[in-house]
Amino acid sequence: MIASAKLSAAPQTWLDLGCGSGTFTVALAELLPNGSRVMGIDRNAQQLPEQSANGVNISFIRADFTADMEVENFDGVLMANSLHYIPNQSQFLDLLISRMDQNPQFLFIEYDTDAANPWVPYPITYVKMEQLFADKNMTVTKIGERPSLYGGRKMYAAQAL
């Protein structure tokens with residue numbers, strides 16, 4: 001779903017917050033130009049490849065991105081099914097933006113629902129995502145959607161610039 005994202009041709013540093021096994025970490029790395037770097041961050045130990053097929057460096061940081069992430073000077077953030085774990089999403093995004101280099105960019109994959117449950121405690125619909133970033137003078141573009149395997153809801157991928 002993130003393959004439609006429009007990314008700069010210049011080398012970049014990205015974070016994948018809540019990277020899990022690295023599925024989206026590697027997918028992002030394959031979209032970035034050679035010389036780029038992706039850091040997967042997760043509270044559980046993960047074994048990520050050190051490099052993507054196109055030469056992008058991949059590293060792993062074991063940390064709880066909701067509490068103790070101390071990374072600065074990065075260009076973009078990928079959050080695949082992880083923003084919905086943040087109670088104050090606006091404040092969290094402000095913190096990320098303050099630590100980013102110029103022209104912050106985000107990629108998200110989320111459930112398009114406003115119904116909370118144990119697995120999606122703080123849901124963020126696409127409309128809510130648009131409002132959240134409008135308050136930060138950024139534009140959100142939906143780059144894909146598909147039905148979820150869980151409960152008939154839709155999932156969407158979006159880019160914020």
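I will try to describe carefully the structure that is included in this document. (Residues numbered from 1 in each chain as written. Predicted model: local features only at pLDDT ≥ 70, side-chain atom pairs only at ≥ 80, totals over all residues. Heavy atoms only, no water.)

1. Quick word on the pattern of salt bridges
Test applied: We count a salt bridge whenever a side-chain nitrogen from Lys or Arg sits within 4 Å of a carboxyl oxygen from Asp or Glu. Here a helix means four or more residues in a row that DSSP labels H or I, a strand means two or more in a row labelled E, and each is numbered from the N terminus. The cut-offs for exposure are 20% and 50% of the maximum accessible area for each residue type, with area from a 1.4 Å probe on protein chains only; residues under the lower value are buried, those over the upper are exposed, and the others partly exposed.
This structure, assessed with the given rule, holds three salt bridges. For Asp 94, the salt bridge is made with Lys 136, and the minimal N-O distance between the two is 2.8 Å. Placement of Asp 94 in helix H2 (residues 89-99) and of Lys 136 in the loop between helix H3 (126-134) and strand E6 (140-147) is noted, with a sequence separation of 42 residues between them. For Asp 94, a relative accessible area of 40% translates into the label partly exposed. Residue Glu 145 pairs with Lys 154 through a salt bridge whose shortest N-O separation is 3.6 Å. Overlapping salt bridges bring together Lys 142, Glu 145 and Lys 154 as one network.

2. Topic: the packing of aromatic side chains
Applied cut-off: Side-chain rings of Phe, Tyr and Trp (the six-membered ring for Trp) are treated as a pair once their centres are within 6.5 Å; stacked means planes under 30 degrees apart, edge-to-face means over 60, and tilted covers the remaining angles. Working rule: Lys NZ or Arg CZ, within 6 Å of ring centre, within 35 degrees of ring normal, means a charge sits over the ring.
Under the criterion given, the structure shown has five aromatic pairs. Ring geometry for Phe 106 and Phe 108: centres 5.7 Å apart, planes at 10 degrees, overall stacked. Accessibility assignment for this pair places Phe 106 and Phe 108 in one class, buried. Taken together, a centroid distance of 5.5 Å and an interplanar angle of 80 degrees make the contact between Tyr 126 and Tyr 156 edge-to-face. Here Tyr 126, found in helix H3, pairs with Tyr 156, found in strand E7 (residues 154-160); they are 30 residues apart in sequence, far enough to count as distant. Here Tyr 126 and Tyr 156 have matching classes, each one buried. Taken together, the ring pairs in this structure connect Phe 106, Phe 108 and Phe 133 into an aromatic cluster. Here the basic side chain of Lys 142 rests over the ring of Tyr 126, its NZ or CZ set 4.7 Å away from the ring centre.

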